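Coordinate inspection notes
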Amino acid sequence: MHISSDDLGLAARAHSLTKTYGSADAAAIALDDVSVGIRRGEFTAIMGPSGSGKSTLMHLLAGLDAPTSGRVWIGDTELTDLSDVELTVLRRRRVGFVFQSFNLLPTLDAKANILLPFELDGRRPSAIERSRIDALIESLGLDARLEHRPHQLSGGQQQRVAIARALATAPDLVFADEPTGNLDSRTGREVLRLLATASREQGQSIAMVTHDPIAASHADRVLFLGDGRVVADKPRQSAEQVSAFMLAAEVAA
Ligand code: ADP
Ligand code: MG
């Protein structure tokens, strides 16, 4: 792992992560000795073909699943040391999630969906948090939609509500799992620009799993996975460069 002097630190890191499924004699190795850092304030794409270990890596980094061996930290907190309850609280307070299928609660309006992380934490946003959330809502163009329920919103609007919810607590790290997978290409580009802006202007660390070269081209950094290993770690790439690399990796495999 190469860390340069302008790094602000790591929002998450993994050391020698291995994940196997199944019994020892018929084990499937989903992740094979992966060590990687997600840098603070950076928009990182995790790219790779189907079955390369992207979802497994994201789940382990987010504390949604435990590794077979190896260690994971979010900020300076080692997840492997935490109880299930401690992990749940840490995820709620320090990690935001954006999913392909938006995952909004259908019975709540947009505002209540955005404030859900606070509700689950049993507290109200502070004055500083309220003003940050108001600014987020404005920058995402959601002012006029706050009383709408998810079914009254377009896909792009629902994903913007999900982004506002993911950013509302100013988490250390936001994980996005194929966030544009259910959007048309124009709306998808808009969502990618919003994620890029969040990392640039609010210093959010974003890790986005994707198999779409165009989505990956919006990121500051592209991690390529293949067969459970990190096969390349590149600075910002054009969609053409990402496609060419993926094609070459497929041919070599
Ligand atoms: P990706 O997200 O890149 O498509 P995954 O992380 O989902 O890849 O999967 C990596 C490998 O681990 C694949 O070979 C997959 O079949 C296997 N795998 C993932 N989850 C499970 C599971 N729950 N049980 C058994 N094998 C799994
Ligand atoms: Mg996957």
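Everything in this summary refers to the structure shown in the same document. (Residues numbered from 1 in each chain as written. Chains lettered and ligands numbered in written order. Predicted model: local features only at pLDDT ≥ 70, side-chain atom pairs only at ≥ 80, totals over all residues. Heavy atoms only, no water.)

1. Side note on the pattern of salt bridges
What counts is decided by this rule: What counts as a salt bridge is simple: a side-chain nitrogen of Lys or Arg found within 4 Å of a carboxyl oxygen of Asp or Glu. Per-residue accessibility, obtained with a 1.4 Å probe over protein chains only, is compared with the maximum for each type, and a residue is labelled buried under 20%, exposed over 50%, and partly exposed between these values.
Scanning the model with the defined rule gives 12 salt bridges in all. Of the charged contacts, one joins E78 and R71 as a salt bridge, the two residues approaching to 2.8 Å between their closest N and O atoms. We classify E78 as buried; its relative accessible area is 13%. Given a relative accessible area of 40%, R71 falls into the partly exposed group. Beyond isolated ion pairs, a larger network of salt bridges with shared partners links R92, R93, D121, R123 and E129.

2. Some words on the sheet that holds strand β6 (residues 95–99)
What counts, and what does not: Two strands make a pair as long as DSSP finds a minimum of two bridges between them. Secondary structure elements are taken from DSSP: a helix is a run of H or I of four residues or more, a strand is a run of E of two residues or more, and numbering for both begins at the N terminus. Geometry is summarised by axes, namely lines fitted to C-alpha atoms with helices restricted to the contacting stretch, and by angles between N-to-C directions that run from 0 to 180 degrees. Contacts are residue-level and defined by heavy atoms, with any inter-residue pair within 4.5 Å sufficient.
On the basis of which strands lie adjacent, the open sheet formed by six strands has the order β6-β7-β8-β3-β9-β10 and mixed pairing. At either end of the open sheet lies a strand with only one pairing partner, and these are β6 and β10 (229–235). For this sheet the average axis-to-axis angle between neighbouring strands, irrespective of direction, equals 20°. The strands that helix α2 (residues 84–94) touches are β6 and β7 (173–177); relative to β6, the one it contacts most, it runs at about 75°.

3. Some words on helix α6 (residues 155–167)
We count it as follows: A helix is expected to span 1.5 Å for every residue after the first.
In this model, α6 (13 residues) spans 18 Å end to end at C-alpha, consistent with the 18 Å of a helix rising 1.5 Å per residue. The element α6 is largely enclosed, with a buried count of 12 among its 13 residues. Buried residues along α6 sit in contact with β6, α3 (110–114), α4 (116–120), α5 (127–139), β7 and α7 (185–202).

4. Some points on unusual backbone geometry
The phi angle at N103 is positive, at roughly 55°, despite the residue not being glycine. With respect to the helices and strands, N103 occurs in the loop between β6 and α3. Residue classification places N103 among the partly exposed positions, given a relative accessible area of 37%.

5. Regarding helix α1 (residues 54–61)
Of all eight residues in α1, six are buried, a share of seventy percent or more. Three or more residues of α1 are buried, namely K54, T56, L57, M58, L60 and L61.

6. What about the sheet that holds strand β1 (residues 10–21)?
Ordered in space as β2-β1-β4-β5, the four strands form an open sheet in which the pairing is antiparallel. One side of each edge strand has no neighbouring strand; the edge strands of this open sheet are β2 (28–39) and β5 (77–78). Across the face of the sheet, α1 comes into contact with β1, β2 and β4 (69–74) while running at roughly 125° to β1.

7. Let's talk about the site of ligand 1
Selection criterion: Residues are counted as near a molecule or strand when any one of their heavy atoms sits within 4 Å of it. In protein, a polar contact requires one atom able to donate a hydrogen and another able to accept it; more generally it is a pair of N or O atoms within 3.5 Å, and residues adjacent in sequence count only if both atoms are side-chain atoms. Surface accessibility follows the Shrake-Rupley procedure with a 1.4 Å probe radius. Residue values consider only the protein chains on display as shielding.
The immediate surroundings of ligand 1 are formed by Y21, A30, P49, S50, G51, S52, G53, K54, S55 and T56. Between S52 and ligand 1, the recorded distance is 3.2 Å, taken from a backbone N or O atom to an oxygen atom. Measuring from an oxygen atom of ligand 1, one finds a side-chain N or O atom of S55 at 2.9 Å. When ligand 1 sits alone it has 560 Å² of accessible area, and the protein chains cover 56% of it. Counting residues per element, the shell around ligand 1 draws most heavily on α1, which supplies three residues.

8. Focus: the pairing of β4
Two elements, β1 and β4, share five bridges in a ladder whose sense is antiparallel. Along β4, the bridge assignment pairs A12 with I74. Two strands pair when backbone bridges link them, and β4 and β5 are joined in this way by two bridges, in the antiparallel orientation. Within β5, the position partnered with W73 by the bridge is E78.

9. What about the pairing of β7?
Working note: regular strand, side chains alternate between the two faces of the sheet. Judged by how many residues are buried, β7 sits mostly within the fold: five of five residues are covered. Residues L173, F175 and D177 line one face of β7 and the alternating positions V174 and A176 line the opposite face, and both faces are buried. Relative to β7, β6 runs parallel, the two being bridged by five bridges. Note on β7: the bridge partner recorded for F97 is F175. Sheet analysis places β7 next to strand β8 (residues 205–210), joined by five bridges and oriented parallel.

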